[in-house]
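Listed below are the residues making up each chain.
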Amino acid sequence: MSDKTNEQNPELKAGQFRALTEEEIASLPGSPGNLGRRGFMKMGALAGLAGVGGTLLAGCGRASTGEQPVSSKAPAPAATGMPEDHVAPGKLDEYYGFWSGGQSGEMRILGLPSMRELMRIPVFNTDFAIGWGITNESKRVLGENFPRGGDLHHPHMSQTNGHYDGRYLFMNDKTGCRIARIRCDVMRTDKITSIPNVADVHGLRVQREPRTGYVFANSEFRVPSPNDGRDLDDPKKYQCVFTAVNGDTMEVAWQVIVDGNLDNTDCDYDGKYVASTCYNSEGAVDLAGMMQGERDWAVVFNIKRIEAAVKAGKFKTIGTSKVPVVDGRHGSELTMYIPVPKNPHGLNSSPDGKYFAAAGKLSPTVTLMAWSKVDDYFAGKLKDPRDAVVAEPQLGLGPLHTAYDGRGNAYTTLFIDSQIVKWNIQDAIDAYAGKKVNYLRQKLDVAYQPGHNHTSLGETRDADGKWLVSLNKFSKDRFLAVGPLHPDNDQLIDISGDQMVLVADAPVFSEPHDSVIIPSRLMAGKIKRIWDRKDPFFAETVAQATKHGIVLEKDSKVIREGKKVFVYMTSSAPTFGLNSFTVKKGDEVTVVDTNIDDIEDLTHGFCLSNYGINMEISPQETSSVTFIADKPGVYWYYCTFFCHALHLEMRGRMLVEA
Ligand code: K7E
Ligand code: CUA
Ligand code: CA
């Protein structure tokens, strides 16, 4: 960041900015004078953008949000009877929502329409309730020297023929350059893969056709290649790669070197292409530089050609990684670069399989491109990649992400305007072709500053057009004060009628970026309520016990191998199989606990006082933990899940001899 003075706020340096006061807003040229808090939020966001680098929003004045007339008034929610999101006590939600936990590193399960949080699944984070990052079973998934946390943005469920199939959820860790997989049958993270040759993993999507298949991952940050200390301050030599991971084995299949960078990604419904937005075609390393160009691009990857190139050995490897890396920079026959305005963000395929949309972010437009034109380009029938664009509707300020209802409408979040704009795809195409049609259907105020939005089933062929969630970054005054850190506000919107209707506000902990909404009927019978004793998640622990001659369901026994001590015990409400066990200071102790209760919901815990250890052991599960008994004395272990009237009495002693 330079020392140049910020033009808007002379007392601040470039790159620094503050929200304007209400008086300052009222005095701005073109200001309606008396802005409510919504206007205030918008101006704050604008001031932030304007305050850096001096480049304002591309191609639009501050107050212009497109010449097409549209009502931004929110229709009143249903005035009579129960609210639409009411799910009575004892009743079940119609949809699951799988929610990103952002910088908390976890994934969350919500019920819709109630927006009740049902469960948190630790993924990249450590979690004391579950013992994630503590148990041996979780460390086998995380790796021994796992980072402390993660930044989870994009959860997506595996698909078969463009339908959710209930097998896995895949998600990214932006900071740790990792991809994780959650098994939907037990809702537990079962694989984490580190992506080589990248500096982050941001956008993530799954292959729809014929199935997942590939998990596609973008990296946003450009770095030297390999990033081993060379070319430190020579940004021209930095690069970025696109990654495809095999969703079955979770091994990295191939990577593609690109020009610029990669932000969000989505694929087609034919298994042929995957596309990503790039906001840094400039290859800059500062904000002003990344906003220099009026256009960046969307890059399309030709999957079949990439596979063929890898098969033919037309690849290199980078550094110590063995992953095949092909060159997809300009001029390559593997890729297509479609110019789009300016610093695009979200990339979203329409559920009819025909189009993909890049949201303009710094341009008030969304660029709609046709997969059929991509076919034409790779067949040599389309010369100018820009001719793949079939519509470029002007929607409002700060378009970030687009969702679809399966009835021909698209819903785009406007970060700066704090609105969802509903627009009609065919009308936008007709308008682009020169017809006089109004493609705008409605603008709905949301509170405030939406990032992603998501429609029920909207990323599959089954888009049902019932619900839309707007994942808003700011909640400001919508909830009781809880300190300077505010919750985000995820709003539920009914889109089943002609007009969007705001139904509920749901506070959420930082920071959901994305979510998927899946009918509960689709998951019926797929989610286990009790562990299977043969489950692979703890199979390695079972194998080790078998070597010791232990039957985990029956035996509670201590086995010593030199300085290694294995403590096997059962848990059955309200007792541990061992009342006490004795070890020596310095021993490496492994406690293996098996919950032999087979009653649904009867979970036990094993918590060892003053050793920083807790683990969850659900019915028929085995959990284990290994630690050094480095402190002599008496240490109680106790059950942490209230399992029985005598739950508090469910405890025992570890005696550590000096
Ligand atoms: Cu828009 Cu990481 Cu999908 Cu956040 S990204 S909003
Ligand atoms: Cu077992 Cu509480
Ligand atoms: Ca740019």
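Residues numbered from 1 in each chain as written. Chains lettered and ligands numbered in written order. Predicted model: local features only at pLDDT ≥ 70, side-chain atom pairs only at ≥ 80, totals over all residues. Heavy atoms only, no water.

J.: Lay out the sheet that holds strand β7 (residues 188-194) in plain terms, naming residues and giving numbers.
T.: Each strand in a sheet pairs with another by means of backbone hydrogen bonds, the pair being arranged parallel or else antiparallel. Taken in spatial order, the 4 strands line up as β4-β5-β6-β7 in an open sheet, and their pairing is antiparallel. Of all strands in the sheet, those bounded by a partner on one side alone are β4 (156-160) and β7. The mean angle between the axes of side-by-side strands here comes to 30 degrees, regardless of whether they run parallel or antiparallel. One ladder, built from 4 bridges, connects β4 with strand β5 (residues 163-173); its direction is antiparallel. Paired with Met 157 across the strands is Leu 169, a residue of β5. (Pairing = 2+ DSSP bridges. Helix = DSSP H or I, 4+ residues; strand = E, 2+ residues; numbered from the N terminus. Axes fitted to C-alpha atoms, helices over the stretch in contact; angles between N-to-C directions.)

J.: Which residues make up the coordination of the calcium ion (ligand 3), and what values go with them?
T.: With distances of 2.3 to 2.7 Å, the protein atoms coordinating the calcium ion (ligand 3) are Tyr 279 (O), Glu 282 (OE), Glu 282 (OE), Met 290 (O), Asp 296 (OD), Asp 296 (OD) and Asn 343 (OD1). Mapping the donors of the calcium ion (ligand 3) onto the primary sequence yields the spacing Y-x2-E-x7-M-x5-D-x46-N. Linking Met 290 in helix α4 (residues 287-290) with Asn 343 in the loop between β16 (335-341) and β17 (347-349), this pair joins segments that are 53 residues apart in sequence. Here Met 290 and Asn 343 have matching classes, each one buried. (Donors = N, O, S within 2.8 Å, 3.2 Å for Na, K, Ca; no water. Buried < 20%, exposed > 50% of the residue type's maximum accessible area, 1.4 Å probe, protein only.)

J.: An account of the site of ligand 1 is needed here, citing residue identities and associated values.
T.: Taken together, His 153, His 154, His 202, Asn 264, His 345, His 401, Gly 451, His 452, Lys 473 and His 513 form the complete shell of residues around ligand 1. In the shell around ligand 1, the residues fall into no nonpolar, 9 polar and 1 charged. (Near = heavy atom within 4 Å. Nonpolar A, V, L, I, M, F, W, Y, C, P; charged D, E, K, R; others polar.)

J.: Give a detailed account of unusual backbone geometry, specifying residues and quantitative values.
T.: Backbone torsion omega between Ala 447 and Tyr 448 reads -20 degrees, so that peptide bond is classified as cis. Within the secondary structure, Tyr 448 sits in the loop between β24 (440-445) and β25 (450-455). Here Ala 573 and Pro 574 are connected by a cis peptide whose omega angle stands at 0 degrees. If you check the backbone angles, Cys 177 has positive phi at about 55 degrees while not being a glycine. Relative to the helices and strands, Cys 177 is located in the loop between β5 and β6 (178-183). Residue classification places Cys 177 among the buried positions, given a relative accessible area of 12%.

J.: Describe helix α7 (residues 425-432), and please don't skip the residues or the numbers.
T.: Think of an α-helix as turning once every 3.6 residues; residues three or four places apart then point the same way. Among the residues of α7, those classed as buried are Ile 425, Asp 427, Ala 428, Ile 429 and Asp 430. Measuring from the side-chain oxygen of the N-cap residue of α7 to the backbone nitrogen of Gln 426 gives 3.1 Å; that N-cap residue is Asn 424. Gly 434, located one to two residues past α7, shows a positive phi value of around 110 degrees. (Polar contact = N/O pair within 3.5 Å; in protein donor to acceptor, adjacent residues only side chain to side chain.)

J.: Talk me through the sheet that holds β25; I want residue IDs and the actual numbers.
T.: Here we have 4 strands laid out as an open sheet, ordered β25-β26-β27-β28, and antiparallel in their pairing. The open sheet has two edge strands, β25 and β28 (501-508), and neither has a second partner. Shown here is a sheet whose adjacent strand axes are inclined to one another by a mean of 20 degrees, direction ignored. The pairing of strand β27 (residues 488-494) with β28 spans 7 bridges and is classified as antiparallel. Each bridged residue has a counterpart across the sheet, and for Ile 493 the counterpart in β28 is Leu 502.

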